[in-house]
Amino acid sequence: MKRITAALVLLVSLAAFEIGCGIDREQGILMAAGSYGDVAVVLSDPSLRPAVDGFLTEFNDEFTFVINTEPRFTIDVFGPDKLGIAKGYKNIVMILHIGDGGKVEKQVQRMLQPETYERMASSGGGLAQLDDPFATYQFALVVASRDRNSLISILRGNAVRVRTIIEEKNRWRLQRRFRQGGLAGDLTSDYWQRFGIFIEIPREFRENQREPDGFPGLELMRNDPSRGISISWTASDDPVAALQDREFLLAARIRMGEVLHNNELAPQTLAWTAGQLGRNDCVKLEGAWTSTVFAGGGPFWSYFLADPAGKRVICLDLLVF
């Protein structure tokens, strides 16, 4: 049977705003606190603030998460006198006017390799990335230029790039943290051998259901915060063609919700997109669910993949309470 592989990134995508603090087992030092959605923007010169607002508007675009439209990040802007506070954030963007000789410039010089800083200074400016600059699971991005006008141009021209970099770093750090915390290798091996599905499972998740009443599906759960990962599969003579049949996919997700979760979907929230899951093409369905047994619900993301050799369509579902 052809094996289907899912990347760990999907297990943590819905945890993008999870709180993290404490002692890191990798380095034994304090982890950056707060949410992966928090960004500290540090200005080397407070007078840069009006010019930076345009960058922040484009960088922190609004998007619709299931129902509500909201900013992508929570941003706090600090002058050089508040650099110490900014050092505690998960994400830090340091905006530097090279040559001003202030606190931020001195800090950047200490953070970067001398050749990196000299190359940035001699070329007129640019971007530099640093992992774990002050604490673990932290990311800093330096945007610098010798000329104020050029600095603003660099910011405005790279707003989307900066946003993409931070989102990718968020996913990488969440993967890293889960892997450092340990993976449920016994479940991964069992699912691979028994169901032909390979998926990395953080040890924080436990198996809650396995093929209840013969239904072809699995449910994994964790608490604090409550997260669910479900995998189900539906027989199909032509799984590749079935990925284009939204009625087929929706019926599969509805049935999964009924059996594994006692939930129903809110039709007005459903949105379809095409994408990739690991090396596989997939179709993504996102929306909101409500429970049929208690007053509550939340968002979900479902990823559908074709398994032609297995004559099935697989649904990997991420659910938040």
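Residues numbered from 1 in each chain as written. Predicted model: local features only at pLDDT ≥ 70, side-chain atom pairs only at ≥ 80, totals over all residues. Heavy atoms only, no water.

Asks: Explain the pattern of salt bridges to me, and be specific about the residues and the numbers.
Replies: Inspection of every chain in the model, using the stated rule, returns 18 salt bridges. The salt bridge partner of Asp-45 is Arg-148, with a shortest N-O separation of 3.4 Å. Residue Asp-45 is found in the loop between strand E2 (38-43) and helix H2 (49-59), and its partner Arg-148 is found in helix H6 (residues 148-157); the two are separated by 103 residues along the sequence. Take Asp-45: its relative accessible area is 23%, and that puts it in the partly exposed class. Arg-148 gets classed as partly exposed once you look at its relative accessible area, which sits at 31%. Residues Asp-307 and Arg-312 are paired through a salt bridge, measuring 2.7 Å at the closest nitrogen-oxygen approach. Arg-312 matches Asp-307 in its accessibility class, with the two residues each being buried. Shared partners join several salt bridges into a network, and the residues in it are Asp-61, Arg-72, Arg-163 and Glu-167. (Salt bridge = Lys/Arg side-chain N within 4 Å of Asp/Glu carboxyl O. Helix = DSSP H or I, 4+ residues; strand = E, 2+ residues; numbered from the N terminus. Buried < 20%, exposed > 50% of the residue type's maximum accessible area, 1.4 Å probe, protein only.)

Asks: Requested: an account of the environment of Thr-290, with residues and values cited.
Replies: When you line up the elements, Thr-290 lands in strand E15 (residues 280-291). The exposure class of Thr-290 is partly exposed, given its relative accessible area of 36%. For the pair formed by Thr-290 and Asn-262, sequence separation is 28 residues and the distance between their alpha carbons is 8.7 Å. Those residues within four positions of Thr-290 in sequence are excluded, and the remaining contacts are Asn-262, Asn-263, Glu-264, Gly-296 and Gly-297. (Contact = heavy atoms within 4.5 Å.)

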